[in-house]
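One letter stands for each residue in the lines below.
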Amino acid sequence: MCQIQFLMNLRGNLIPRDIQQFCKLMNQGSMENPDSFGFFNSRFSVKKAGGFKSDDMNRNEILNDTFLVGHNRKATTGDPKDNENNHPFELGDFLLVHNGMINNHTVLREMFTIPEKPETDSFVILWLINHFFKESESNSRHKNIMHGIKKACSKLDGWYSVFLFDRQSRNLYYFRNRHARFVFALFDDDVIAGTTDEDNLENIYVNGRYIFKSPCFGNKVMAEPEAESIYLINDEVKIIKVGEFSDGNDAPTLPGESLQEFYTISGDSWILEQCAMDLLTDRLGYCPELEMSGKDILRIKADSTIEKNIDMLC
């Protein structure tokens, strides 16, 4: 599973202390997601194959902005050695990072004639947002972006946690569906940090001279953003919920759609991997390779037996 990292100084531009904490988040994320990394703010973006190293950050550029969004990648679709397949993705005025899997990205590429490259399923989200953004006829850029997000999400089948940045308005948006996790933490009204894995937050703002004034290491207040909700983040509002969306009500799908030679199946019966192994062994006579990818999601490696029995397994 990929990870997303976020840091914003609520009192102005990031300071060296904040950069050090962001590097901690990125280092933690790369431990289990070493295929590539990337990060961006309102001025620039960087992405490279391989694990994150603190030396990859140009701190002078970063200090001239209030926020950073980072991504640690564990590749599912798209070879990370081809940097085009890594996060963040850029299209028009938009940048995007995504954690999760879009099961019907192949169907959507065919339906909307989305370019074959980048190959990563995450790019489909960005392309759809940009497409529906251009389709919207509101006089408000914010409303057009909201339309793009809502319409794109209605087409997606899978799970996703997403940051989207609009260069023109300098607005940052966050949204997720119910299958994905993310958590924000407020430190002493000074900093908002966010991460896919809340354990990462235990390692920031806690050592030496970087301890906040609170005896409990920053008076950290944690909150998980609501599923199927859209949040706006900028210097003025900080972070605020601005809308809701319906998750995949009309998402085009194919039963047992193949993804990287895996089939993706969701449902309460897959919560426990051992239960899935027992059931597959009972029905097929053996257990294929399994991969757990988030709550209630099981990916089954495809072979000829799986393909013949996919309807029964679904």
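Residues numbered from 1 in each chain as written. Predicted model: local features only at pLDDT ≥ 70, side-chain atom pairs only at ≥ 80, totals over all residues. Heavy atoms only, no water.

## Considerations on the pairing of strand E3 (residues 45–49)
Piece 1. Here strand E2 (residues 36–40) runs beside E3; their pairing, made up of 5 bridges, is antiparallel. Bridged to Ser36 within E3 is Ala49.
Piece 2. The hairpin formed by E2 and E3 contains 4 residues between the paired strands. (Pairing = 2+ DSSP bridges. Helix = DSSP H or I, 4+ residues; strand = E, 2+ residues; numbered from the N terminus.)

## Some details on the packing of helix H3 (residues 105–112) against helix H4 (residues 122–135)
Piece 1. As a packed pair, H3 and H4 sit with axes 10 Å apart at the nearest point and diverge in direction by 35 degrees. Note that H3 runs across H4; the crossing there is left-handed. Each of His105, Leu108, Arg109 and Phe112 in H3 lies in contact with H4, whose residues at this interface are Phe123, Val124, Trp127, Leu128, His131 and Phe132.
Piece 2. Here the residues of the contact of H3 with H4 are counted per class, giving 7 nonpolar, 2 polar and 1 charged. (Axes fitted to C-alpha atoms, helices over the stretch in contact; angles between N-to-C directions. Left-handed = near helix turned anticlockwise from the far one by under 90°. Contact = heavy atoms within 4.5 Å. Nonpolar A, V, L, I, M, F, W, Y, C, P; charged D, E, K, R; others polar.)

## Quick notes on the confidence of the model for the chain
Low-confidence regions, as indicated by low pLDDT, have predicted coordinates that should not be scrutinised in detail.
Piece 1. Of all residues in the chain, 77% attain a pLDDT of 70 or more, and the chain-wide mean is 83.
Piece 2. A low-confidence stretch, residues 254–272 (pLDDT under 50), is modelled with 62 contacts involving residues beyond four sequence positions or located in other chains. (pLDDT = per-residue confidence, 0-100.)

## A closer look at helix H5 (residues 141–153)
Piece 1. Its 13 residues place the ends of H5 18 Å apart at the C-alpha level, agreeing with the 18 Å of an ideal helix rising 1.5 Å per residue.
Piece 2. Considered for burial, the residues of H5 that qualify are Asn144, Ile145, Met146, Gly148, Ile149, Ala152 and Cys153.
Piece 3. Buried positions along H5 lie against strand E6 (94–102), H4, strand E7 (158–166), strand E8 (171–176), strand E12 (229–234) and strand E13 (238–244). (Expected span 1.5 Å × (residues − 1). Buried < 20%, exposed > 50% of the residue type's maximum accessible area, 1.4 Å probe, protein only.)

## Overview of the pattern of salt bridges
Where charged atoms from two side chains of opposite charge approach closely, those side chains can pair.
Piece 1. Counted by the stated rule, this structure contains 11 salt bridges.
Piece 2. With a closest N to O distance of 2.7 Å, Arg141 and Asp166 form a salt bridge. Note that Arg141 is positioned in helix H5 and Asp166 in strand E7, a separation of 25 residues in sequence.
Piece 3. The exposure class assigned to Arg141 is partly exposed, which follows from its relative accessible area of 22%. (Salt bridge = Lys/Arg side-chain N within 4 Å of Asp/Glu carboxyl O.)

## Some details on a negative patch on the surface
Piece 1. On the surface, Asp79, Glu84, Glu116 and Glu119 cluster together to form a negatively charged patch.
Piece 2. Position of Glu84 among the secondary structure elements: in the loop between strand E4 (67–73) and strand E5 (89–91). (Patch = residues over 30% accessible without salt bridge, like charges linked within 9 Å, V, L, I, M, F, W, Y side chains within 5 Å. Areas by Shrake-Rupley, 256 points an atom, 1.4 Å probe, with all protein chains shown as cover. Lys, Arg positive; Asp, Glu negative; His and termini not counted. Charge placed at Lys NZ, Arg CZ, Asp CG, Glu CD.)

## Thoughts on the sheet that holds strand E11 (residues 221–223)
Piece 1. In space, the 7 strands of this open sheet follow the order E3-E2-E4-E1-E10-E9-E11, with antiparallel pairing throughout. Each having just a single partner strand, E3 and E11 make up the two edges of the open sheet. Each strand axis lies, on average, 15 degrees off the axis of its neighbour in the sheet, ignoring direction.
Piece 2. Pairing of strand E9 (residues 183–187) with strand E10 (residues 191–195), which is carried by 5 bridges, proceeds in the antiparallel orientation. Residue pairing across strands places Val183 opposite Thr195, the latter belonging to E10.
Piece 3. Packed on one face of the sheet, helix H1 (residues 16–32) meets strand E1 (3–9), E2, E4 and E10 and runs near 170 degrees to E1.

## Some words on the packing of aromatic side chains
Piece 1. Taken as a whole and assessed by the stated rule, the structure comprises 22 aromatic pairs.
Piece 2. Ring plane angle 80 degrees and centroid distance 6.4 Å describe the contact between Phe163 and Phe184, whose orientation is recorded as edge-to-face. Here Phe163 is found in strand E7, whereas its partner Phe184 is found in strand E9, with 21 residues between them in sequence. In this structure, Phe163 and Phe184 share a single accessibility class: buried.
Piece 3. Taken together, the aromatic side chains of Phe6, Phe163, Tyr174, Phe182 and Phe184 make up a single cluster linked through ring pairs. (Phe/Tyr/Trp six-rings, centres within 6.5 Å; stacked < 30°, edge-to-face > 60°.)

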